[in-house]
Amino acid sequence: MKPYLVTPFLLFFFLVASFTGSANTERAAHISTPLIAQEQLNEDSPLFYYHNKSIFKSPQAKPGKYDAKGIYWLRINIPASRDLKRKTYVLSFNNLTYVDLTLIDDRTSLAIENRKSGLFRPLEEITPGDDRNHFTLELDVTKTYTCLLKIEHIKGYSPQLDFYIEDQLSYLKRQQKESNIYAFLEGAIIVLLLYIALAWLVSRYRPYIWIFTFLMALGLYSFALQKEFIDLFFAENPRLGWTISPIFYRIGTISFYLLLLDFLNLKKLSPLFYKAALLICSLVISFAVISLIYCYSTSNYFLSNRINFILGAIHIAYLSTLFIYNWKKINATQRFLAYGTLFFAVGISLIIAMLIQMDEKSLLYIPAVIQLFVLSITIIFLVAIRLRIRKQELEYHKSIEIRVEERTAELNMANTVLNKQQSELLEKNKYIETLIDELNHRVKNNLQLLYSLGSLYRTGDKNGLTSNPAIQEMQSRIHTMMLVNQLLVYNKGNKLKLDQLVVETISYLQLLYDPQKRIAIDLYCVLDYWIPTHISTSLGLIITELLTNAYKYAFPNDREKSPKITLDIKQSTDKLSILFWDNGVGSDTLIAHSSLGIALIRDLARQIKGEISINHKNGYHYQFEFKKGVWK
């Protein structure tokens, strides 16, 4: 709600209040009532007072001067009148606790009606057709009547002996007008309560709880001052209902102070005023308990309301001092709370002035005044709360934007550093790749040089050497290392295929030792099995040594049996198995001149965490097992 909408609302409610006041004063045919002395003659028969007119005093006493503790007999003469054209009439009064009516026909001097009413009278004792503040009379306009009213008022106030007589239709129209105005104000309160409840459910903003309690409590208080509240909840014990009704006012006052404490953050703003507010709330609670007990036991509401004057003065003094002293410390949103507090103080002052000036008659106007001011105060408070929430939302969004900007700056800086590091890393990687290429090239050249030197010795020299077996074996090993290096370079140094390594090795060794392919080779090798770099050389050398030993020693030239070498490489879930055997001559013991190769095979298998078993009877049989987990 925008702040500039507050003024039209308040003007509208003031207009409603003026209508309410005028509605309560539009009474027809005011009746001046002669006053009889308090019951001193121990006579309670209406006919006694009818026949003894001399005991009635002239109505010279001013209203408000009657003794609050006495029982009064009032005499009303109802003459025949042309103005009273209808048959049914209403005799109404204000705020009298017990009223007994006796209607006497002047022609016969007989009592024709006996009725009971009053604010404190149980509903079952009230005469059907009557209410707590009026009697319904059936009159013949051609006759004269005398009404005798026995008045007992026990609320501590001097009784307001104002009686009005009017036709029933006029009375009902006036009551309907008043009811419509009260219904409108109460409907406005209910709508605001629903709005506040929904606003709290959406925002979970705690001050909504206090303003909801404030509005509901004072709305109930204004409703409790009307007879409809008593008839609805305390029909058979009206005195208890009238005693309980001020509790709602106390709850509303405490809620108002809790709203101040919460919305102003008074504990931090001013600890002294915070403690004073808690003390006032304690006084309100204490007085509420004492007043409830005292009023119900004595029915002296007059004294209770006079103490309210003192509390009202305390409220006004505290609230005015609070905002005058802290005006510069509070922000524009919190100052709206000061405007609402001003209305609160004005409302308290107006109610106190009405009670002082009009006593109990002010209860005719106080419900509408309370509803008017509580609606005005609530609207102002809602504007303040809405502005506070809006301000918090803006501050929150602003803080989020600042945090986003800071985070964006941090990310940009981090990206700059990351890009720089990435550039440096790329340069380093490029340099490393260059070094690796150079290293691979040099390794290849060195291995090729060693291989070429071996080839020179193998083909012969000036000393007539034709073939040196040791150099030939060394060439095989160098070739294997060259092959591994070549495959690693081809696969960019990560892994190489085992089947490719085996096939290339077998082809080379077959060309070197058995160009005529006299010895058959059966190869069973798992396809597309990649082996890590750090075990590829050792594994290649093992296969080279196995084949070299077989070519050199397993099959002598004079052997008639068809020579064959079998190599079976297979994998399982957790290991790699290599089976190698030949159908060569074998040996009972390891051949001395081949023991170096077998020792090399054992050492290479150990280096790559493999297990080896050798059977050298009826040809050599080798079995290797390598667990995959140790190659990671």
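Sequence order sets the numbering: in each chain, residues are counted from 1 along the sequence as written. Side-chain atom pairs in this predicted model are given and counted only at pLDDT of 80 or more, local residue features only at pLDDT of at least 70, and totals for whole chains, interfaces and linings cover all residues. Excluded from the side-chain calculation are hydrogens and water; included are all heavy atoms of the structure.

What about the overall build of the protein chain?
Next, step 1: What counts as a helix is a DSSP run of H or I of at least four residues, what counts as a strand is a run of E of at least two, and both are numbered from the N terminus. Within the protein chain, the secondary structure is distributed over 15 helices and 17 strands.
Next, step 2: With a 1.4 Å probe rolled over the protein chains alone, any residue whose accessible area is under 20% of its type maximum counts as buried; one over 50% counts as exposed, and the rest are partly exposed. Counting the 632 residues in the protein chain, one finds 45% classified as buried.
Next, step 3: A separation of at least 24 residues holds for 75% of the contacts in the protein chain among residues at least 6 apart in sequence.
Next, step 4: For the area figures, the Shrake-Rupley method with a 1.4 Å probe applies, and any residue is considered shielded solely by the protein chains shown. As displayed, the protein chain offers around 33,800 Å² of accessible surface, 59% of which is attributable to carbon and sulfur atoms. The contact rule is simple, with two residues in contact once any of their heavy atoms fall within 4.5 Å.

Focus: the side chain of Thr127
Next, step 1: Residue position: Thr127 is located in the loop between strand S7 (110-117) and strand S8 (134-138).
Next, step 2: The term polar contact refers here to a pair of N or O atoms within 3.5 Å; inside protein, the definition further demands a hydrogen-donor-capable atom paired with an acceptor-capable atom, and it admits residues adjacent in sequence only when both atoms are side-chain atoms. Within the local environment of Thr127, its side chain forms a polar contact with the backbone nitrogen of Lys116, the two atoms lying 3.0 Å apart.
Next, step 3: Residues in contact with Thr127, not counting those within four places in the same chain, are Asn114, Arg115 and Lys116.

Considering the sheet that holds strand S15 (residues 575-582)
In a beta sheet, neighbouring strands are held together by backbone hydrogen bonds and run either parallel or antiparallel to one another.
Next, step 1: Sheet architecture is open: five strands sit in the order S12-S14-S15-S17-S16, paired in mixed fashion. The two strands at the open ends of the sheet, each matched to only one other strand, are strand S12 (520-525) and strand S16 (610-615). On average, each strand axis in the sheet is inclined to that of its neighbour by 10 degrees, with strand direction left out of account.
Next, step 2: For S16 and strand S17 (residues 621-627), the ladder comprises six bridges, and the chain directions are antiparallel. By the bridge assignment, Asn615 is partnered in S17 with His621.
Next, step 3: Where helices are involved, their axes are fitted lines through C-alpha atoms of the stretch in contact, as for all axes, and angles between N-to-C directions lie from 0 to 180°. Helix H13 (residues 498-513) rests against S12, strand S14 (564-571) and S15 of the sheet, and its axis sits at about 170 degrees to S12. Two strands qualify as a pair provided that DSSP identifies no fewer than 2 bridges between them.

Comments concerning a nonpolar patch on the surface
Next, step 1: Patch rule: a residue counts if its relative accessible area is over 30% and it has no salt bridge; like charges are joined within 9 Å, and nonpolar side chains (Val, Leu, Ile, Met, Phe, Trp, Tyr) within 5 Å. When a carboxyl oxygen of Asp or Glu is within 4 Å of a side-chain nitrogen of Lys or Arg, the pair counts as a salt bridge. Taken together, the side chains of Leu279, Leu283, Ile310 and Ile314 define a hydrophobic patch exposed on the protein surface, amounting to about 360 Å² of accessible area.
Next, step 2: By secondary structure assignment, the location of Ile314 is in helix H9 (residues 301-326).

Some details on the packing of aromatic side chains
Next, step 1: Two rings belonging to Phe, Tyr or Trp (six-membered ring only in the last case) form a pair when the distance between their centres is within 6.5 Å. Interplanar angles under 30 degrees mark stacking, angles over 60 mark edge-to-face geometry, and anything in between is tilted. Enumeration over the complete set of coordinates arrives at 26 aromatic pairs.
Next, step 2: Ring plane angle 45 degrees and centroid distance 5.7 Å describe the contact between Phe93 and Phe135, whose orientation is recorded as tilted. In this pair, Phe93 is assigned in the loop between strand S5 (88-92) and strand S6 (98-105) and Phe135 in strand S8, connecting sequence segments 42 residues apart. Each member of the pair Phe93 and Phe135 is classed as buried.
Next, step 3: Counting every residue linked through ring pairs, the aromatic cluster contains Phe214, Phe256, Tyr257, Phe273, Tyr318, Tyr325, Phe344 and Phe381.

So, the nonpolar core
Next, step 1: By size, the foremost hydrophobic cluster in this structure holds 77 residues, and its most contacted members are Tyr208, Ile211, Tyr257, Leu260 and Tyr318.
Next, step 2: Per-element accounting of this core gives the leading share, 16 residues, to helix H11 (residues 366-459).
Next, step 3: Those residues within four positions of Leu260 in sequence are excluded, and the remaining contacts are Asn265, Leu266, Leu319, Leu322, Phe323, Leu337 and Thr341. We define a nonpolar core as any set of buried Ala, Val, Leu, Ile, Met, Phe, Trp, Tyr and Cys residues linked to one another through side-chain atoms lying within 4.5 Å.

Examining the pairing of S7
Next, step 1: Two elements, S6 and S7, share seven bridges in a ladder whose sense is antiparallel. Its bridge partner lying in S7, Leu101 is registered against Arg115.
Next, step 2: With antiparallel pairing between neighbouring strands as the criterion, S6 and S7 make up a hairpin whose turn holds four residues, including Ser109 at a positive phi of roughly 55 degrees.

Considering the packing of helix H6 (residues 238-263) against helix H8 (residues 271-298)
Two measures define how a pair of helices packs: the angle their axes make with one another and the distance between the axes.
Next, step 1: Running from N to C, H6 and H8 point in directions that differ by 175 degrees, and their axes come no closer than 10 Å. In this view, H6 runs roughly antiparallel relative to H8, as classed from their interaxial angle.
Next, step 2: For the contact of H6 with H8, the per-class residue count stands at 18 nonpolar, three polar and two charged. Roughly parallel covers angles under 35 degrees, roughly antiparallel covers those over 145, roughly perpendicular covers 65 to 115, and oblique covers all other angles. Gly is put with the polar residues, along with every residue not named as nonpolar or charged; the nonpolar set is Ala, Val, Leu, Ile, Met, Phe, Trp, Tyr, Cys and Pro, and the charged set is Asp, Glu, Lys and Arg.

As for H6
Next, step 1: A helix's residues, less one, multiplied by 1.5 Å, set its expected span. Between its first and last C-alpha atoms H6 spans 38 Å; for 26 residues at 1.5 Å apiece the expected length is 38 Å, and the two agree.
Next, step 2: Among the residues trailing H6, Asn265 stands out with phi positive, at a value near 50 degrees.

Quick word on the side chain of Asp582
Next, step 1: Take Asp582: it is sitting in strand S15.
Next, step 2: Of note is the side chain of Asp582, whose polar atom sits 2.9 Å from the backbone nitrogen of Gly584.
Next, step 3: In contact with Asp582, not counting residues within four places along its chain, are Ala550, Ala554, Phe555, Lys564, Ile565, Asn618, Gly619, Tyr620 and His621.

Some remarks on the pattern of salt bridges
Next, step 1: Counted according to the given criterion, the structure contains 16 salt bridges.
Next, step 2: Residues Asp130 and Arg115 are paired through a salt bridge, measuring 2.8 Å at the closest nitrogen-oxygen approach. Of the two residues, Asp130 sits in the loop between S7 and S8 while Arg115 sits in strand S7, which places them 15 residues apart along the sequence.
Next, step 3: Looking at Asp130, the relative accessible area reads 12%, which means it is buried.

Considering unusual backbone geometry
Next, step 1: One non-glycine residue with positive phi stands out, namely Asn95, at about 60 degrees.
Next, step 2: The topology assignment puts Asn95 in the loop between S5 and S6.
Next, step 3: Here Asn265, not a glycine, exhibits a phi torsion of approximately 50 degrees, which is positive.
Next, step 4: Mapping Asn265 onto the fold places it in the loop between H6 and helix H7 (266-269).

Observations concerning the packing of H6 against H9
Next, step 1: Packing of H6 against H9 brings their axes to within 13 Å, and their N-to-C directions diverge by 10 degrees. The angle between H6 and H9 places the two elements in the roughly parallel class. Where H6 abuts H9, its residues Arg239, Trp242, Thr243, Tyr249, Arg250, Thr253, Phe256, Tyr257 and Leu260 lie against Tyr301, Ser304, Asn308, Leu311, His315, Tyr318, Leu319, Leu322 and Phe323.
Next, step 2: A breakdown of the residues in the contact of H6 with H9 according to their chemical character gives 11 nonpolar, five polar and two charged.

What to know about the environment of Tyr182
Next, step 1: Within the secondary structure, Tyr182 sits in helix H3 (residues 168-203).
Next, step 2: In the structure, Tyr182 is positioned 41 residues away from Phe223 in sequence and 8.9 Å away in space, judged by C-alpha atoms.

A short note on the environment of Ile247
Next, step 1: As for its placement among the helices and strands, Ile247 is situated in helix H6.
Next, step 2: Along the primary structure Ile247 and Val284 are separated by 37 residues, whereas in three dimensions their C-alpha atoms are 9.9 Å apart.

Considering the confidence of the model for the protein chain
Next, step 1: The predictor attaches a confidence to each residue, called pLDDT, with possible values from 0 through 100. Residue-level pLDDT values for the protein chain average 80, and 80% of them are 70 or greater.
Next, step 2: Helix H1 (residues 6-25) is the least confidently modelled element of the protein chain, averaging 47 in pLDDT, while S6 averages 92, the highest of any element.
Next, step 3: Every residue in residues 461-465 scores below 50 in pLDDT, and together they form three contacts with partners more than four places removed in sequence or on other chains.

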